[in-house]
Amino acid sequence: MTKSLRYIFLSAVRAAVKFFCFFTVFTTVNTLFLGFTEKFNAENRTGWSAAILIFSALSVAWVFYHYNNRAKRNFIKALEDSPRKNTVINALFSSDCLTDTAVCLILSVFTAFVPGYGDMERLFFASTAFHPTAQKCFIGIFIGLIFFFIHWFTVYDIRKKWAKDKECFSKHEILRIFAYLVFITVMYTVGFYIAMSYLPGLPAYIFLLKELFLYIVIAIAISIGVVYFNRIRKRKKFIAELKKLAENSVYTLSKIKNPYISVFKKTSGASFTVTVNQKSYDCKLISGKRKSVPIIFGSQGFLLYRHIIRLGKSELFSVYSKYGYAFESNTKKCLIITCIPANCYFKDENGRMRKIDTGEKIGEYTVFSASGFLGALERDCLDR
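A quick note: this is a predicted structure, and the numbers were derived from the prediction, not measured.

Draft legend 1. How the structure looks around the pairing of strand E8 (residues 344–347). Across four bridges, strand E4 (residues 295–298) lies against E8 in parallel orientation. Counted as the bridge partner of Gly-298 is Lys-347 from E8. Across four bridges, E8 lies against strand E9 (residues 353–356) in antiparallel orientation. Within the sheet, the bridge partner assigned to Tyr-345 lies in E9 and is Lys-355. Linking E8 to E9, which pair antiparallel, is a turn of five residues; within it Gly-351 sits at a positive phi near 85°.

Dropping the structure here:
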């Protein structure tokens with residue numbers, strides 16, 4: 001068996017496992033949801049079942065492709081041979097998308113004759129006289145089409161992330177998928193129950209809470225303030241120590257531009273300039289999120305905050321937020337991280353990632369923690 005045929009065969013097996021995981025999650029969530037809401041769900045149960053089916057298919061397709069090291073290695077190799085490989089059309093005609101869609105279409109038609117899609121049949125054929133077999137075939141094809149669009153979007157979207165992060169998951173691929181499936185089963189069961197229970201009464205709740213609107217706004221503002229308090233406190237402490245050191249040292253410090261704005265949003269240009277022994281350094285202030293949110297510096301002038309979603313000790317998936325750190329300068333450039341996380345990394349053009357510490361260079365920038373910068377400034381060793 002050639003490598004390409006072996007790859008397609010293993011992808012088909014994985015697609016079959018994925019489909020039955022979807023069918024299990026959908027059937028479990030749908031059965032529990034309908035059981036919990038049976039007393040007041042008679043009129044709308046078909047619409048809710050369709051929503052559960054789509055959400056389950058999206059989540060299961062995402063996790064199985066996201067944690068597919070074999071597909072990732074195959075894509076990275078293809079990307080090295082052809083850098084323009086990652087397009088919407090390439091995703092559509094990729095073996096990953098076509099194999100998954102074909103297997104899911106076949107299994108969708110097959111499982112349509114197994115109890116589980118009764119609400120879907122009522123949704124489409126409640127007032128028609130189609131033959132039962134034709135109804136089931138239609139439902140199977142309909143679910144297969146849903147998977148087609150989901151696979152197309154999933155392959156394209158995840159491949160965009162793979163093109164930026166070429167490092168494969170080292171281990172626990174099956175455990176990660178299993179933990180995620182358990183998580184979404186619980187989350188969707190509870191979430192759809194809450195939605196069914198409270199959304200119909202939302203106008204009444206709005207009316208009752210209208211008079212409390214001001215207090216709600218104040219409560220939200222206080223919550224946001226608490227979240228950002230630690231970041232602002234550490235930024236303020238750094239600026240105070242920087243100015244104090246400038247008063248007692250031989251270096252000069254320019255005006256600090258928007259000292260606290262970068263805690264909340266992106267800022268352009270350097271934050272301040274420091275001159276030591278006729279050498280100038282343009283410095284940009286960057287704020288970390290939390291100790292547990294790593295920062296990954298890219299080689300193209302942006303960094304990523306990696307928000308890790310866990311279930312117990314198992315990592316389910318990560319959500320990334322992007323921040324541009326590049327700025328123009330004719331002098332040496334420094335990046336200073338206040339509220340620094342436990343781990344910082346640098347990823348080069350080839351996708352290789354390494355851990356960095358204070359004082360290390362990434363391209364034309366030198367990265368410092370707040371205390372590391374102050375120490376280097378005091379010892380006059382910013383260049384080392």
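Draft legend 2. Layout of the sheet that holds strand E10 (residues 360–362). Judged by pairing direction, the sheet is mixed, and its six strands sit side by side in the order E1-E2-E3-E7-E11-E10 without closing on themselves. In this open sheet, the two edge strands, each paired with only one partner strand, are strand E1 (252–253) and E10. Sitting on the sheet, helix H12 (residues 370–378) touches strand E2 (272–276), strand E3 (279–287), strand E7 (332–338) and strand E11 (365–369), and the angle it makes with E11 is about 110°.

Draft legend 3. Spotlight on the nonpolar core. The biggest cluster of nonpolar side chains holds 49 residues, and the ones touching the most others in it are Phe-22, Leu-53, Val-60, Val-63, Tyr-117 and Leu-181. Of all the secondary structure elements, the ones that give two or more residues to this core are helix H1 (3–36), helix H2 (45–66), helix H3 (69–81), helix H5 (95–111), helix H7 (132–164) and helix H8 (173–198). If near-sequence neighbours (up to four positions away) are discounted, Val-60 is found in contact with Lys-18, Cys-21, Phe-22, Val-25, Leu-181 and Ile-184.

Rules of the game
Residues numbered from 1 in each chain as written. Predicted model: local features only at pLDDT ≥ 70, side-chain atom pairs only at ≥ 80, totals over all residues. Heavy atoms only, no water. Pairing = 2+ DSSP bridges. Helix = DSSP H or I, 4+ residues; strand = E, 2+ residues; numbered from the N terminus. Contact = heavy atoms within 4.5 Å. Axes fitted to C-alpha atoms, helices over the stretch in contact; angles between N-to-C directions. Core = buried A, V, L, I, M, F, W, Y, C linked by side-chain atoms within 4.5 Å. Buried < 20%, exposed > 50% of the residue type's maximum accessible area, 1.4 Å probe, protein only.

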